[in-house]
Amino acid sequence: MNLTNRPLLQLIVLSVCLVVSVYTADYTDNYKHVPGQCILQNSCGSSLPCAQNTSDPITPDEDHIALLKTACPMYVDAENVCCAKDQLEDFIKQLDVVKNIIGGCEACYWDFQAIECAFFCDVNQHQFIQITNATLNETDSKTTVIGVRYFITKDAAKRIYNACKNVRDSISGGIGIVYVCGSADCDQDTFYLKLGDNAYTELKIEFVIADTSTVDYVKPYTDKDIYDCKDTVNGKTCSCMDCEEKICPIIVDEDTTVNWHYTLPIGLALCLVWMIVVLVLTFRHKSKSASNNTEIKSVGAGGLDNKAAELTSPVSIHETPNGQNDYGTSSPTRPNGASPTRPNDVPLSPSLSVASTISPLPNSPTDPELNHHYSENGTHVEEVQVMLSNGNSPDFEDGLEYENKSLITKREPLYQCWLRLGPRIGEAWSNMVYDYWYLVLLICFILTALCCGGWYNFRITTDPVELWTSEDSVSRMQKIDYDSQFGTTYRTCQLVVKEKSPSTFGVNNKIVNGVFNPDFLKQVYDMMVDIESLNVGNVTYSDLCYKPLGEFNKTHPKEDCATLSVFQWIDNNRSVLDNPADYIKRMELCAEATALPECLASFRGPSATNIVLGGYDAVKLNYMDSTTLPVTFALDGSAAKLENILKWETAMKDYLLEQMGRRPDLKIAFSTDRALEDEIDRASHADIFTIVLSYILMFVYVGVTLGDMDCSVKGCLLNSKALLGVGGVVIVLVSVVSALGVTSYAGLPTTLIVIEVIPFLILAVGVDNVYIMVQGIQRIICEKIEREETLNTSAIRGMLSSMMRDVFPSMILSSLCQMVAFALGSLSFMPSVQNFAYNATIALLMNFILQTTVFLILIRVDLMRQLNGRLDILCCIKAELNKPDRGPVRWFIEEFWAKYLLINKWIPAFILIFFGCFTIANVMLIPDLKLGLEPTMALPSDSYLLDYYHIAYTDYRIGPGMSFVFKSRDGSPLDVYEERTYGELISNQNSLLKTIGKYGESPSYQYIIGEGGSFIKYFSDSWLDSEPCCWNNGDEFCPSIKDRTDCSACPQTNMTTDTKYKYLQWFISDIPRTDGSGCSKGGAVSYANSAKFSPSNRSVISGRFTSSHGVLSTSHAFITARQQALVIADEVNSNSKIIEVYAYSSFYPYYEQYDTIVRECAVNLAVTIVATFLVALVMLGFQLHAALCVMLSVTMCAADMIGSMVYLNIPLNAISLVNLLLSVGIAVEFSANIVQAYTTSKEVGRTNKARHALRKTGPAIVSGIAMTNFVGVIVLAAAKSQLFVVFYFRMFFTINVLCVAHTIVFLPAFLAFLGD
């Protein structure tokens, strides 16, 4: 257990006692400053000194000298002293505690002894001590001194203060004099004021700091026995952390803050450069077009007739599905789909040539898609398209092509190969599925069944260690090592209570906050007792609690439970609360000095102030202004009691939820060890309805919008594809289920991220292919109806093969890009990302297989229904098949958006400028992206834990405990008392202990508190040197709590290594006393699990020094705290040759991911994008420009999404990283389809090709992916968990907006501008 005891304010002064006051008087004039005479001597029935009128000094005897060696070594050689033996004995008891505070700096400790010993031992005390107040006890006629003036020279006062002002106590690692002053602002004047006059001692000392050595007849105490902290005293020196005069190495904290003074100008400059480039290209287009248009007009005026013989072929203008060309005029119809007659060879004018030359293909007169390239006998012909519109070039970019004297775009050989191969594979595959549909269904059923068979091994993991850390990660290995060496000690449950309406009340002539009101304290006490009395299956808190002393107290086992509260300071006695004056005084005392025997808890350990009080000012340390009262229950961490502990924690939760309603004046918050996991689970269950509703709405939308529109009800139902849409969605779900089965075969656990994200991804990708396939069939039906061809079931085979020939290349392109990208994503070191990548890859593969087989068969069945005139769903009712109307989305894309988006050169130029600057701005924001995942995000909006976290973040004054674990570098047992080893652990300038303290003092390392607890140092400096602690009877140890009649003090001279280790183990097993009659420094409570000894007990296998983090209220604080601890461990390791150190706290494994998540994100995105480029390059026939277009669009989507996360306040973590990979997948699906349509377009000119690609794929993209996802995502805004709202609603919505914008706005404009 991490101890953070307060230094002992009242023991820094000479005496503490209760005063028996009869009358007071001013003794200033009664006691003269007579050299060689004592005015303070003996103890008047307590620790307070007796007043003597010029009493003779004492000549010390042998026993007296022995006491002086321990208490006042500077007076050992004095002939006479004023201090009696009883005074020295009392002072020695006080020094035991004082040494814990300032003993780390021998010079400071010596100075304290010197100034105190001069006070009551120096024979010249008359010269610098003046009695100002005393009381007379009529019983024994003794005068007890309760007020003095202590005259001290300015130099002496300054040197004592400077020697002690930076010294840290050996228990908590805090600055000792801060607790003397009661504030972090502790200057010299305040120090001496509070040192002599405070609420915890009856002896009031007024320190008078004199400028000269003589003031009137007073001779102030000088600095003759004072040392500076840099001096060596008794062979010991202060460390650089304890002594300002020793310079520690400077710690430079790297500033990782984004400097907007540099990034903003860079971003603006890049935007300006991009704008200039686009505008220059635009004006260049305009200039070229104007020049060539002049040439065209010249040809048309004088030479066109001379060329008439050469231009014998008809003009061919791109035809839209409704028979309109790009310019709004009707195109000549071609009966029965015949191609217009073209001559075999047409000579081209050098200034007016619009043609597309296709390399000869094998004879394929039966291919309706390709037969217009051939004459009737199958020979290749030149396709000539002359585009003239009133003497002007139809495309705004044609000037560039005229510059090359030709509008011919020569196809690469590899592209020609794929142009032939892709459609033919699709056609052959369609025919195979059509002819052997029953066998295909059987194979797909068997394949799916085999994949789903893995569900027998299916399991979901919510263990953060399994989710965020790989099996060979450093933090995970360290957690395993730490648990094996020191064990999982305890679990914690915490009750936190505040007043809803803060109040104050007066007591002991002061005002304290309402949490110390007796009525408030009694309510909290009653709740604490009720919780400890909870009975779950005849098991109570005393059976389950963590007991640092084991089963030592058999008669009162509950008293050994490590329950931390202010009630431990009053011995858990409720009746004490009836007397506010007494318990307030006791609490004030214990808040400052938790290690006092009377302040120790029932389990013999301290109730640290920063654990049992909260809400006080962390700088002024005014504890009585606390506003929060925490009560911490520690439960046994052993697995044997876990089942009952979980039940008890549930009972505690139920009880406190009930108390929230019964105690309206209290603000009650609480947490149990299982609370966060339970609340996350509750949030998941609470949002099941929202998630299911989201998917249902997507299914309904697909079913309703998949078919074409019709004015009549029957016509609408006839052309509806509701059942087909349901079949497509079922295929998506089967793909997801199959993927989970396959990964379960491999023993991979499934995460909630996979369950929540994979269906969304596969639905997005799968629905897009469904829309593309169905709309391809609908186009074929419309064309056949326009050509007045007969439609019957015999034409289904040809219709399906034509559709697959058209859509198969784009389907396999997008699917392969996504599968390769996600497969490479599995190279991540983060298990949750790996799991997502595995499942996404397998699900995409299964989805592609099932869509090109089972869904193709479903389309066949639906076509049979439609061609037979049967309504969708209501199959018994028949209707006449007519040409359906296009849906609103398709009409908007084809008739409005594709036309006006590229109507002139300025709109694409503006689009490129806007999107380019938007991406640059987002890239500039990336360095400001936050990391982490706040615990409150995963909680439902009505969770009781929200109040607890709010109070913890605002009122707590201490964070999680931490340990620095050390062991030998070579794995052998470690001799901690060997000189070099001890130096690396304790005494060297760069030792582990001093390095912890050095960083704890640095303002840049605010999350590391103090020097921490070292069992080696505490054993050597406190327990071993304290006379009441180490006693033995031969080789047997005499514990502090046992009778020591037959025992003697341990010999400490010429100790061997065996003796030191024997004493060290005795110290760790020693139970501290709490009655003040013996040793209260035993390590059984504080250091029981701090070392693991070797079997020979002559060395240590491993050990730990404990410390604490500061208050950690955000993910950034947790991440930074861990990184700061790692810096300390790394520095120690770099300076050590014997020991090896690592830092550990319970939250470290969960936050290790943030060490590499930025690199993981960059590498994963880069790998997936490059993989997308390479696959696109191959599948697009090695057309480099086309593959680069896909990569550019995907990269811009990813960059814009990362930048958007900054201003949408979405941090980077495993969930958002998975979503970023998802954005790449969706962007690929969007971009690959439109680029593939562009490259296969038979139109001439970039603008016409871009229009054609947008008309062909735009409707499926918008209605298939975008609208489907929007419908499902909007529902998630109503989720109770902020996790869903932020990472699924907010992020998914943004992904869709960005992908749609880049696909139907940016990409067409870019292709029209720089497409070829």
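Residues numbered from 1 in each chain as written. Predicted model: local features only at pLDDT ≥ 70, side-chain atom pairs only at ≥ 80, totals over all residues. Heavy atoms only, no water.

Attention now moves to the sheet that holds strand E17 (residues 1031-1033). If you walk across this open sheet you meet the 3 strands as E18-E17-E19, and the pairing is antiparallel. Whereas interior strands pair on both sides, the edge strands pair on one side only; in this sheet they are strand E18 (1036-1037) and strand E19 (1048-1049). Relative to E18, E17 runs antiparallel, the two sharing 2 bridges. Counterpart to Asn1032 in the pairing with E18 is Phe1037. (Pairing = 2+ DSSP bridges. Helix = DSSP H or I, 4+ residues; strand = E, 2+ residues; numbered from the N terminus.)

Turning next to the pattern of salt bridges. Tallied over the entire structure, the rule returns 21 salt bridges. Across the pair Arg149 and Glu206 runs a salt bridge whose closest N-O atoms are separated by 3.2 Å. Of the two residues, Arg149 sits in strand E5 (residues 142-153) while Glu206 sits in strand E6 (residues 204-210), which places them 57 residues apart along the sequence. Of the charged contacts, one joins Asp673 and Arg491 as a salt bridge, the two residues approaching to 3.6 Å between their closest N and O atoms. (Salt bridge = Lys/Arg side-chain N within 4 Å of Asp/Glu carboxyl O.)

Another point: the sheet that holds strand E9 (residues 490-499). Pairing is antiparallel across the open sheet formed by 4 strands, whose spatial order is E12-E13-E9-E14. Of all strands in the sheet, those with a lone pairing partner are strand E12 (563-564) and strand E14 (666-671), marking the two edges. As paired elements, E9 and E14 share 6 bridges and run antiparallel to each other. When the bridges of E14 are listed, Val496 appears paired with Ala669. Its contacts with the sheet place helix H17 (residues 642-662) against E9, strand E13 (628-636) and E14, and it is angled at close to 5 degrees to E9. Lying on the sheet, helix H28 (residues 945-955) is in contact with E9, E13 and E14; it crosses E14 at an angle near 95 degrees. (Contact = heavy atoms within 4.5 Å. Axes fitted to C-alpha atoms, helices over the stretch in contact; angles between N-to-C directions.)

With that out of the way, let us pick up the packing of helix H21 (residues 722-745) against helix H24 (residues 831-851). Where H21 contacts H24, the two axes come as close as 8 Å, and the packing angle between them is 135 degrees. One finds that H21 runs oblique with respect to H24. Like other packed secondary-structure pairs, H21 and H24 cross with a definite hand, here right-handed. Contact with H21, carried on its side by Ile731, Val732, Val734, Ser735, Val736, Ser738, Ala739, Leu740, Val742 and Thr743, involves Tyr838, Asn839, Ile842, Ala843, Met846, Asn847, Leu850 and Gln851 of H24 and no other residues of that element. (Parallel < 35°, antiparallel > 145°, perpendicular 65-115°, else oblique. Left-handed = near helix turned anticlockwise from the far one by under 90°.)

In this structure, Asn538 is a non-glycine residue whose phi angle is positive, near 60 degrees. Residue placement: Asn538 occurs in the loop between helix H13 (518-532) and helix H14 (541-544). Here Asp571, not a glycine, exhibits a phi torsion of approximately 60 degrees, which is positive. You can see Asp571 is positioned in the loop between E12 and helix H15 (580-592). Relative accessible area serves as the criterion here: at 53%, Asp571 is assigned to the exposed category. (Buried < 20%, exposed > 50% of the residue type's maximum accessible area, 1.4 Å probe, protein only.)

The analysis is restricted to geometry; functional conclusions fall outside its scope.
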